[in-house]
Amino acid sequence: MPDDLFSISDVAHAFGLSVPALRYYEERGLIEASERRGRVRYFSRDDLCRLAYVQLWHEDGMLSLADTQAIVESDTVTDRSRLIEDQAARMRERIGNLSRAVAVLEHMLGCRTDRARDCPMTGTYIRARVDAALSGEDFADDFLPKAVEP
């Protein structure tokens, strides 16, 4: 066997993946083995570059496999840019939501009221949320107070 082919188990170990994960990537068309001998798949260095490219989007870029596949299979920079812009916008929204969640948790952690619902900030928020729900209104109030601009 040529020195530039690597078994699926060697690739899995080298890339921190399981053999079933690599088989699944291959089943989805994300990667392709260069050669098969019996039941063992073998990958070339070029195949490994394709795998590293997939990992760039899936693991480093935190994209789903479907979104990774769409980007990897995009034919033009315009198509790829549109997909990336959409993903970046969704991630910025998620980051905002996560930042808000951390701030809520930090407030709750620092709140020294024995009963959390008796906390002035938490209680006000909860009552406003109940009132909105009972009136059928959308609840748009934010738990955290608005930052005061200088």
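Structure: above.
Residues numbered from 1 in each chain as written. Predicted model: local features only at pLDDT ≥ 70, side-chain atom pairs only at ≥ 80, totals over all residues. Heavy atoms only, no water.

A sheet is described by the order of its strands in space; here three strands give the open sequence β1-β3-β2, paired in antiparallel fashion. Looking at the sheet topology across the chains shown, the edges are occupied by β1 (5-7) and β2 (35-37). Strand-to-strand twist across the sheet, computed as the mean angle between neighbouring axes with direction ignored, equals 35°. Note that β2 and strand β3 (residues 40-44) share three bridges and pair antiparallel. Bridge assignment links Arg36 to a residue of β3, and that residue is Arg41. The sheet contacts of helix α1 (residues 8-15) involve β1 and β3, and relative to β1 the element is tilted by about 85°. (Pairing = 2+ DSSP bridges. Helix = DSSP H or I, 4+ residues; strand = E, 2+ residues; numbered from the N terminus. Axes fitted to C-alpha atoms, helices over the stretch in contact; angles between N-to-C directions. Contact = heavy atoms within 4.5 Å.)

The subject of this paragraph is the environment of Arg90. Residue placement: Arg90 occurs in helix α5 (residues 77-110). For Arg90, a relative accessible area of 45% translates into the label partly exposed. With 35 residues separating them along the chain, Arg90 and Tyr125 place their C-alpha atoms 27 Å apart. (Buried < 20%, exposed > 50% of the residue type's maximum accessible area, 1.4 Å probe, protein only.)

Turning our eyes to something else, we now look at the side chain of Gln87. Residue placement: Gln87 occurs in helix α5. We classify Gln87 as buried; its relative accessible area is 10%. Each residue touching Gln87, except ones within four places of it in the same chain, is listed here: Leu63 and Asp67.

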